[in-house]
Amino acid sequence: MTFENTLEFAKKLDASDALASYRNEFHYPQVNGKDVIYFTGNSLGLQPKRTQKFVDDVMKDWRELAVEGHFYADKPWWDYHERLAEGLGKVVGAMPKEISVMNTLTVNLHLLMISFYRPTEKRFKIICEEKAFPSDQYMLQSQVRFHGLDPKDTIVEVKKREGEHAWRTEDIIQKINEVGDELALVLMGGVNYYNGQVLDMEAITKAGKGVGAFVGWDLAHGVGNIKLNLHDWGADFAAWCSYKYMNSGPGNASGIFVHEKHLGKEDIPRFEGWWGTKKETRFLMKPEFDPIESADAWQLSNPPILSIAPYLASLEIFDEVGMDALIEKQKTIVAYLEFVLHEIDKEVDSTFEIITPKARGCQLSVFLHGEGKAIFDYLMANGVITDWREPNVIRLAPAPLYCSYEDMYRFGQILKEGIQGK
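- Per an unreviewed UniProt entry, the protein carries the name Kynureninase and comes from [Muricauda] lutisoli.
- If you open the UniProt record of the protein and go to Sequence similarities (unreviewed entry), you find "Belongs to the kynureninase family."
- Taken verbatim from the UniProt record of the protein, the Subunit (unreviewed entry) comment is "Homodimer."

**Regarding the sheet that holds strand 15 (residues 393–396)**
Part 1 of the argument: The strand order across the open sheet built from four strands is 11-12-15-14, with neighbouring strands paired in antiparallel fashion. Pairing within the sheet leaves two strands with one partner each, and these edge strands are strand 11 (351–354) and strand 14 (387–389). Ignoring which end each strand starts from, the neighbouring axes of this sheet average 30 degrees apart.
Part 2 of the argument: As paired strands, strand 14 and strand 15 are joined by three bridges and run antiparallel to one another. Residue pairing in the sheet places D387 in a bridge with R395 of strand 15.
Part 3 of the argument: In this fold helix 13 (residues 373–381) packs onto strand 12 (364–369), strand 14 and strand 15, with an angle of close to 170 degrees to the strand it touches most, strand 14.

**Remarks on the nonpolar core**
Part 1 of the argument: By size, the foremost hydrophobic cluster in this structure holds 103 residues, and its most contacted members are W217, W240, Y336, L341 and F411.
Part 2 of the argument: With residues up to four places along the chain from it excluded, the contact list for L341 reads F352, I354, L364, V366, L396, F411 and L415.
Part 3 of the argument: L111, L112, L263 and W298 belong to the second-largest nonpolar core, a separate cluster that totals 30 residues.

**So, the packing of helix 1 (residues 7–15) against helix 14 (residues 405–420)**
Part 1 of the argument: Contact pair helix 1 / helix 14: the axes reach a minimum separation of 7 Å and the direction vectors enclose 160 degrees. In this view, helix 1 runs roughly antiparallel relative to helix 14, as classed from their interaxial angle. Between helix 1 and helix 14, the residues in contact are L7, A10, K11, L13 and D14 and Y405, E406 and Y409, respectively.

**What to know about a nonpolar patch on the surface**
Part 1 of the argument: There is a patch of nonpolar side chains on the surface, built from F71, Y72, W274, F283 and M285 and spanning about 580 Å² of accessible area.
Part 2 of the argument: Topologically, Y72 is positioned in helix 3 (residues 69–72).
Part 3 of the argument: Since its relative accessible area comes to 59%, Y72 is described here as exposed.

**Quick word on the pattern of salt bridges**
Part 1 of the argument: Counted under the stated rule, the structure contains 32 salt bridges.
Part 2 of the argument: A salt bridge links K278 to D290; the nearest nitrogen and oxygen atoms lie 3.8 Å apart. Taken together, the residues span a long stretch of sequence, with K278 in the loop between strand 10 (254–258) and helix 11 (305–321) and D290 in the loop between strand 10 and helix 11 at a distance of twelve residues.
Part 3 of the argument: By relative accessible area, D290 is classed as buried at 16%.
Part 4 of the argument: In the salt-bridge network here, residues are joined through shared partners; they are R161, E164, R168, E170 and D171.

**Regarding the UniProt feature "binding site: pyridoxal 5'-phosphate" (unreviewed entry) in the protein**
Part 1 of the argument: If you check UniProt for "binding site: pyridoxal 5'-phosphate" (unreviewed entry), the listed places come out as L105, T106, F133, P134, S135, D136, D218, H221, Y243, W274 and N302 in our numbering. Annotated residues spanning 198 residues; largest pairwise C-alpha distance 31.5 Å, indicating distribution over more than one region.
Part 2 of the argument: If you trace the backbone, D136 turns up in helix 6 (residues 134–146).
Part 3 of the argument: Judged by its relative accessible area of 9%, D136 falls in the buried class.
Part 4 of the argument: Excluding anything up to four places from it in sequence, D136 contacts L109 and D218.
Part 5 of the argument: Structurally, Y243 can be placed in the loop between strand 9 (237–240) and strand 10.
Part 6 of the argument: In this structure Y243 comes out as partly exposed when scored by relative accessible area, which is 23%.
Part 7 of the argument: When near neighbours in sequence (up to four residues on either side) are disregarded, Y243 contacts S43, L44, G45, S248, G249, P250, G251 and N252.

Criteria and cut-off values
Residues numbered from 1 in each chain as written. Predicted model: local features only at pLDDT ≥ 70, side-chain atom pairs only at ≥ 80, totals over all residues. Heavy atoms only, no water. UniProt positions renumbered as here; feature names shortened; annotations may be inferred. Pairing = 2+ DSSP bridges. Helix = DSSP H or I, 4+ residues; strand = E, 2+ residues; numbered from the N terminus. Axes fitted to C-alpha atoms, helices over the stretch in contact; angles between N-to-C directions. Contact = heavy atoms within 4.5 Å. Core = buried A, V, L, I, M, F, W, Y, C linked by side-chain atoms within 4.5 Å. Buried < 20%, exposed > 50% of the residue type's maximum accessible area, 1.4 Å probe, protein only. Parallel < 35°, antiparallel > 145°, perpendicular 65-115°, else oblique. Patch = residues over 30% accessible without salt bridge, like charges linked within 9 Å, V, L, I, M, F, W, Y side chains within 5 Å. Areas by Shrake-Rupley, 256 points an atom, 1.4 Å probe, with all protein chains shown as cover. Salt bridge = Lys/Arg side-chain N within 4 Å of Asp/Glu carboxyl O.

Take a look at the structure:
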């Protein structure tokens, strides 16, 4: 497609957008009396309008049924989380029994590490990417120290090549093969939070399994954003938050994936709790743990229903749209945003450098050479909600469910005005 940086062309793209109507499914903050241009779905997604009813239904059941809501609510609480498994399976490429919803992301990574980081005297090292999201770094370091090991000797970071902004798949695979028999675990962010790069998860998983290691993925920036096939790739486990591209609300429940080959095993190391026991025997209060033969065996306590209800509301939208249609628009709208940035670059003195490689999802990370944080402040004051990372990077994530092509055009004009008017 040949793009044009005009309002007329942007409106033409919106008129032919099969997902355009979903823009009306969301609430938008307002600045200066207008809906914002929202680029931070990679941090916190907008609230779907249908969310309110899902939450209100839970509050009504609590008010009218109290404890009986566990079994007699329209959506009984005791199996409420199970309603997300099938839809999430479609989003991440997994079987429903491989999915559970519980806790929050880093809590779940810690719980999964109990099962999938089993260091021995010979096989104890962990491979991750350099400058992983800080919570992942802290989680890995604390897990290593818990096992009496030194993070400096145990955690192997795969670095980018000097002068490059993205990782090369061959470098990651080379590092996996180099560590070889000493490698216990590969755990990386499937989509990097800073540069927006989508790693070749299929190839990396295959390489990690090839040397006998477990392989897991932090998919905080991947779920609801890119095409995933966790089951077919053979990943051992994954975890993600739900409040970014999945629009579940601030800090709400996390999802996990555990490959079916690990399910139903009574001898797998795991921290366990009441809600991981089989439903059929749960209320017999037996002293022995009897694990559910699904990823729900990793649950500890009864699910936080008020946290899961908004997730179910948003997942309903994803189920209606389907990941294929979502990704089709994503590719076009991100390409149009990139085009607009290049066009504005020709009209201003500053230079824009897109550091996100072609292996990408929604996010473009852009170095604004010649600009400081003042341009970020200008964008925010003029209704463009974006994200600033030091020293001079803005992260732009046009989520296809609620961003329009006109948003991309208007952003370009506001960015140009901010630079030319400084």
